[in-house]
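Here is what each chain is made of, one letter per residue.
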Amino acid sequence: LGSTATRDTLKMAPAISTVAVNPGIYAAAPGGERRPGRVSKASQRSSAPKVAPGGGRRALSHRRVEDGLSVSSETNRTSIITAAGVNVEQELARAENQLRAMLSPDTPAPSSSEVRAMRRKIADLKAGKVPSATGVSMPTPPPTSNGAANGQEMRDPRKELERLKRENEALLQLKELEMENLRLKNAPQADLDKKQQEMNTLLQKKQELAHVMELEENVRAKALAQKDQKAAQEKADQVAKQELEAMQRKEAQEAAQQAAEATAAQLEAEALAAATAAEESAEAQALAAQMEQKTEAESLATAEAAAAQAEAEAQTQAQRAAEIDAKAAQAAAEAEAAYLMEAERKALEAEQRKANAVSAEDDEAAMLAAAFGATQEKELVTAKVGAQEAEAGVEDFEAAALVTGDVGSMEHIRKKEAEERAKAEAKEAAAAAARAARAAMENAEAIKSATAVYKEKSDIYKSAEAEAAAAADARAKAIAEAKAKALAAAKAELARLQVVNKAETATKLRARNALTNQTLALGAEAKAKMAADSIAEAQSATEMAAASEISAVAERAALEAAVAVIKAIETAEEMAVIKRQTENDATEAKVNLDVLSSADPDAFRAHAAQAAHEKYEADLAAAEKAASDKQVAEKAATDRATSAKAAVEKAQFDKKDAETKAAKAIADDAAAKEAAAEEAAAAKAAAEEAAAAKAEAERIAAEKRAEEEAAAAEAAAVAARLQAMRERAEEDPLGACQEIDALVESGEGNAEDWAEARRQAEDTIGHLLHVVRAGTQPKIGDVWHVEPSEPVPGETLTIYYNAAATCLAGVKQYGSITCQSGCNNWESPEKTLMTPVKGRFKVNGKAVKAVKGSWWQKCEVDVPDEAFVMDFVFSDGGHQYDNNNRADYHIACEGAEEILEVERYEKSAELYYQLVEERIVREKREKERKERRDILRGIAKDKAAEVTRRQREHVLYVDPPQPRAGQTVRVHYNPRNTNLASSNEVYIIGGWNRWTHPDNIGPIKMVGQEGQSHVSAEFTVPDDVFKMDFVFASKPDGKGVFDNNNRLDYHVDILGGIDKATGEKLKEPPLHIVSISVEMAPIAKVGGLGDVVTSLGRACQEEGHKVEVIIPKYDTLDYTAIQDFKEITGFSWGATYNRVFHGKVEDIDTYFIDPENGMFRVGMIYGTDYLEIPMTDAERFGFFSKAALEFMLQSKRQPDIIHCHDWQTAPCAKAYWEDYAPYGLNNPRVVFTIHNLNYGAELIQEAMTYSQAATTVSRTYRDEVSGHESIHENIGKFHGVVNGIDPDIWDPANDDFLPRYYDETEVIEGKAACRAALCAYSNIPNKPGVPMVGIVTRLTPQKGVHLIKRGVMRALERGCQVILLGTAPDPTIQQDFDMMFHQLKQNHHDFMAFHLYYNEPLSHLIYAGSDLLLVPSMFEPCGLSQLIAMRYGTVPVVRRTGGLNDTVFDYDVDHKKAEWEGMKPNGFSFDGMDDGAIDFALDRAINLAYDKPKDFRALQANCMSQDWSWNRPALEYIEIYHAARKPY
């Protein structure tokens, strides 16, 4: 047969003839032999399976339906590929491996034609086409389900009707051709009528189809109209709903505002009512005080009137007493001498008794006793004159006894006095008279003196009365003043309470309206309202302070008034005492006068004694009352003083508090005003930015809409144009091809699509045309004959075959010959049993010459209607074939050449139109994917920035979080978590715009609050900045300890900065970064270095920086991944000429240096140390490192950063500073990255010394190698940055190596499809109920070979399936794994597969189809396989080392660690190097998959959602680049 496949593919028995037999793809089906004799076409076609034993090319019928095949052919034929059992994926993998082997440095370099052929073959296989014996592709049968494109078109009624219409037209054309053939052959009229009836039937079907299409068009139009009407109605409903919601929000706002106003009015009315009530109460109190004053005044007036009356009576009595005294004095002068001595004695005794009876302290009582003695003496004289001496003496003695209080017996006294009078009567008679006269004179003087004293005391009484009245007036005045001051204090207190009430009301209103304010207060208006509320609150606090101060002053005035009242009361009481004393004196004088004028001395004496006793008791009571009143007054004064003191202290405290609050309120007011101004400015700026952003968004949206509309219009125009071209192609295929040629030449057409269309048409129809033009093969003669000589489609063909002349000659002894036939490169295959031809026979009217030993066989086969070429092979019915030396037997049908020529043009045009449509769809899909990736990248970048900010909060945060130019910013710093933990003081020192701005920050001493760990400082941001830069120090003079963030400094982005010169918005100037490397993915990749160079370059470029890469121009470059590759310049250096090429690799400007000494034309990137060439790898890469610097110097480049990688380009650092910086290339600074410290330690140490900053690919690996002798001396500038992966390259939602796309929302379905494909590729059954463990690695000791073996064994013990992909540079390790595979395969053949080679597509399939990925490395600087696995939803099981420790967070123990990175646990890890360690981690992962499948699927989805791209690493590298450019 015509295929080139090997015999092993389908395990077919070898041919036994000398003729080469092709058993590779098509095998004869058993059974179905045809009996001799002629049978019907139907029985012939159904007698055997439709199996094609020939090649794999396919021809198109002249009856074209969509892809050039008629409906009948599509219905009858069986998929050749399916029948043969060919696995396209295996063929594809085998072809790709062959291509890699051809390009491998270990094999001789292939020719370019061989490479192109192999690549074309891979492209055909990817497109679903299987190569035939001649290398021509054969398309696989179209899918019958699963949403394929053709299936979708068949389900579309419109397209189905169009297809039926085209089929009908094709059938009509065919019938016309058949009728024309019949007419040319002069066929019977019956045949013509039959064909005409068939044409009429087709015409009727055409009309019916037209009618149905018209109905379908009407239905479609009606559906579209209903859809548009429904969309318009939905849009109107949505607009109405939005308007209703807006109206409801407006009504709610108005209701809230009205409620607030009503509440404020109610509170204001309540406050006004309280004030009115307080005023009325104060007025009532004042009126009561006035009434009290009036009553008191009336009482005082009555007292004054009584005092005036008493004074008048006292004056009258005084005058009467004076007259009596004058008469008494005259009578005394006339008294007898005898009685004078006795009167003197009795007067003296009376005086003595009076002195004993009356207190010496009571002057008034003494005066009364003296007056009484004088009265008694006068009575004695008067009695003597009236001749009643004895009785008068006795009466005088009794009166004296009564006055002096003598209680002795009167008789004893009389006897004693009689004896004494008797004894001294004579002796004292003369002297008694003289003494009596003298006494009378003294008595007159005493009366005169008493009268004077009475007058004097009367004057004193009047004066006291006047003073009492004045005191009363003063008291009333003081009380009035006190009441007035109390009223003022009450009013002040009322005012203060009103202010407090107002403040409380405002607070309640603000609290009540807080939710409304939060909902409504948006933008600058809300911030202004908040500022106004702050100002109002400050004013309220100020009013409260003023009211409190007024209250304190009023309280103090009230206290002073109370003290004045107390003093007035004391003065009034003193005046009352004086008044009472005066009244007592007046009363006593009046009593004396009454006694003198009384006619009843005894009654008078009794009355006098009683009056004296009552006077004593009254005085005593008055004294007690005065003392009590004094105590009460003193207590009241003390209490009042205490109260006043407390009030004063409270007033002072309130004043101080009010002053403090007022000061705070003023400060808050100022701060609020300033903050309001800043916020207003910020709000304005934000509003302007929002407006600008909105306008920009609207502009972008409008542009996008315009682009979409233009694209849609263009697509519609292209579709219409393609349809018109299709219609013209049906009428004039040659003209259509000429039109396409013109379009391609003019640039309007796509040259690649046209070339591919012509190639595919040539592969199918061109091959058939070649067969037709070549004639019958082999030639008619001794081997075979056909009758008729040109087969007629739809007729019968007789085949004669002489087996004796072929490799089947021996079949005659034991069997018969089978003819296997087909058409158009083995379409519609059939098997027919041939029968022997006996005797002589004729073919086409000519006798066949008999040859001795010949063995002729014959059979009849039906020629299909769509046949152009009939294909035959002959066999013994088993495994022996005659396939004409693998060329098969062919014979062209009648008129085939002309039809095929037209068909080729038609096919070329149709394929071109199809490819154009596919390209348009592909470009649209790629555009949509790019937009999706851009959105996801933006989200990931925002998340990365947020995680970075949050991770820095334990040391530093700023308020506001996003500072703006021209505003105040406060920096909060926690020295406890830094190297300043022991410093007593902390200062912030900084600048702006990467330390390039003329303004500086500080040094400013940072202050904190008690109990808080953070200290802070505040300052204003200049208007023309975009970045804030600062460090922290323990001293302000620059001599203390510094925290400079490990030499990176601290930086905060500033928004809204404006360039003062241009007025434009400021942004950070981009860096110019040149990366010098010996690897770059995907054009020159050996390990992870190439991935880092490309991915980091793309990430920095996306941040707005300019990135260039310089690599050697290897002869093994993948030029298909380089865009616009061309030579641009060259330079002489290093004793050779170096050509420089430029191209775009992953959209990065890349320069290729190609020295003509040929050091990079050795067929490999690494490994020349073992070749017979004069230069080692170190020498080659050392030359390249300096050549890259020379290129920059001669091209006058001055980048900001030269980034060199690993030992290969480490010589750049020293060469730059010693050989290039002094000679013009002086702007760059050098950053050096260590990817693996196991190679080139000396060169790495040199680069560490000469570079300004150095990095490695993970934080843990930095810690692990920090003590290495190449690093420890420069550890201060050594940073660890975890590598990322390129999410565009490793994207399960856009990976063409997978059977379907999926993301984290389709993790179960997507991974299930990939697992099924992976099991099919690995030739093991798919067992979805058990975990799939994948391993993708290089089999080296670094990767933990012994742990890999243990992991495989443990996974199989737990019932898992295991698939390993990897190669071992060490042949011993490769052999060990090969032996392990064959040993395990005996007992685990359904559970494992080892692919001990490198296969990029298979690695994608393992990442996607596995549940767990095992990475048990002994050391791993970073590792990418665990990151790729998580990107595809596969859970990593890793050893905790290097980058594996930084990226995989154990499901059971690393929750805090994952939270710190803003993630969730994503895998399982272990520490040890023994079997137990890996068993423990692997068992936990397998247990979760078995026991909690939902949790395990959630873990897989979580892995897919995590961002391990270059978003964060790129930002860290950019900060390192800037740090490298600092002058210190």
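Residues numbered from 1 in each chain as written. Predicted model: local features only at pLDDT ≥ 70, side-chain atom pairs only at ≥ 80, totals over all residues. Heavy atoms only, no water.

Attention now goes to the overall build of the chain. The helix and strand tally for the chain stands at 34 helices and 37 strands. In the chain, which comprises 1528 residues, the share counted as buried stands at 44%. Contacts in the chain between residues far apart in sequence, at least 24 positions, make up 71% of those at least 6 positions apart. Put simply, the chain shows about 77800 Å² of open surface, and 54% of that area lies on carbon and sulfur atoms. (Helix = DSSP H or I, 4+ residues; strand = E, 2+ residues; numbered from the N terminus. Buried < 20%, exposed > 50% of the residue type's maximum accessible area, 1.4 Å probe, protein only. Contact = heavy atoms within 4.5 Å. Areas by Shrake-Rupley, 256 points an atom, 1.4 Å probe, with all protein chains shown as cover.)

Below, the discussion takes up the confidence of the model for the chain. Of the residues in the chain, 68% reach a pLDDT of 70 or more, and the chain-wide mean stands at 77. Taken as a whole, residues 357–409 scores under 50 in pLDDT and shows 90 contacts with residues more than four places along the chain or in a different chain. (pLDDT = per-residue confidence, 0-100.)

Attention shifts here to the packing of aromatic side chains. Following the criterion strictly, the structure yields 34 aromatic pairs and no others. Taking the centre distance of 3.7 Å and the plane angle of 15 degrees together, the rings of Y973 and F1032 count as stacked. Here Y973 is found in strand 15 (residues 968–973), whereas its partner F1032 is found in strand 20 (residues 1027–1033), with 59 residues between them in sequence. Residue classification places F1032 among the buried positions, given a relative accessible area of 0%. (Phe/Tyr/Trp six-rings, centres within 6.5 Å; stacked < 30°, edge-to-face > 60°.)

The 4 strands lie next to each other as 3-4-10-7, forming an open sheet whose pairing is antiparallel. Whereas interior strands pair on both sides, the edge strands pair on one side only; in this sheet they are strand 3 (784–787) and strand 7 (835–836). Sheet analysis places strand 4 (residues 796–802) next to strand 10 (residues 856–862), joined by 7 bridges and oriented antiparallel. Counterpart to N802 in the pairing with strand 10 is W856. (Pairing = 2+ DSSP bridges.)

Let us now look at the nonpolar core. In terms of nonpolar packing, the biggest core is built from 78 residues, with F1377 and F1394 touching the most fellow members. The element that contributes the greatest number of residues to this core is helix 32 (residues 1475–1491), accounting for 8 residues. Leave out the neighbours within four places in its chain, and F1394 touches V1352, L1364, F1377, M1380 and F1381. Formed by 76 residues, the second largest nonpolar core is a distinct cluster that contains M1080, I1083, L1117 and A1514. (Core = buried A, V, L, I, M, F, W, Y, C linked by side-chain atoms within 4.5 Å.)

For side chains of opposite charge, pairing can occur when their charged atoms come near one another. For the coordinates displayed, the defined rule picks out 64 salt bridges. A salt bridge links D763 to R759; the shortest N-O distance between them is 2.7 Å. One end of the pair is D763 and the other is R759, both in helix 18 (residues 751–774) and 4 residues apart, which spans about a single turn. By relative accessible area, R759 is classed as buried at 18%. For the salt bridge of E1306 with R1300, the shortest nitrogen-to-oxygen distance reads 3.4 Å. Given a relative accessible area of 32%, E1306 falls into the partly exposed group. Overlapping salt bridges, with partners in common, bring together K930, D934, R937, R1098, E1102, E1146, D1286 and D1288 in one network. (Salt bridge = Lys/Arg side-chain N within 4 Å of Asp/Glu carboxyl O.)

This next bit is on a nonpolar patch on the surface. A surface patch of nonpolar side chains, amounting to about 270 Å² of accessible area, comprises I935, L936 and I939. Following the sequence through the fold, L936 ends up in helix 19 (residues 896–952). (Patch = residues over 30% accessible without salt bridge, like charges linked within 9 Å, V, L, I, M, F, W, Y side chains within 5 Å.)

What follows deals with the sheet that holds strand 32 (residues 1332–1336). Taken together, the 6 strands give an open sheet; going across it, the order is 34-33-32-35-36-37, and neighbouring strands pair in parallel fashion. Only two strands of the sheet have a single partner each, and these edge strands are strand 34 (1392–1395) and strand 37 (1468–1470). When the angles between neighbouring strand axes are averaged without regard to direction, this sheet yields 15 degrees. Contacts from helix 27 (residues 1371–1388) reach strand 33 (1361–1365) and strand 34, with the element oriented near 160 degrees to strand 34. (Axes fitted to C-alpha atoms, helices over the stretch in contact; angles between N-to-C directions.)

Another point: the pairing of strand 16 (residues 987–992). The buried fraction of strand 16 amounts to 6 of the 6 residues, a majority that puts the element mostly inside the structure. Going residue by residue along strand 16, you find Y987, I989 and G991 tucked away on one face and I988, G990 and W992 tucked away on the opposite face as well. Relative to strand 17 (residues 1001–1005), strand 16 is paired through 3 bridges, and the arrangement is antiparallel. Of the residues in strand 17, the one forming a bridge with Y987 is K1005. Here 6 bridges tie strand 16 to strand 20, and the two strands are oriented antiparallel to one another. Counterpart to Y987 in the pairing with strand 20 is A1033.

On to the packing of helix 25 (residues 1307–1322) against helix 33 (residues 1493–1505). Here helix 25 crosses helix 33 at 90 degrees, and the two axes come no closer than 10 Å. One element, helix 25, and the other, helix 33, form an angle in the roughly perpendicular class. Where helix 25 approaches helix 33, its residues V1307, I1308 and K1311 are matched on the opposing element by R1497, Q1500, A1501 and M1504. The class makeup of the residues in the contact of helix 25 with helix 33 is 4 nonpolar, 1 polar and 2 charged. (Parallel < 35°, antiparallel > 145°, perpendicular 65-115°, else oblique. Nonpolar A, V, L, I, M, F, W, Y, C, P; charged D, E, K, R; others polar.)

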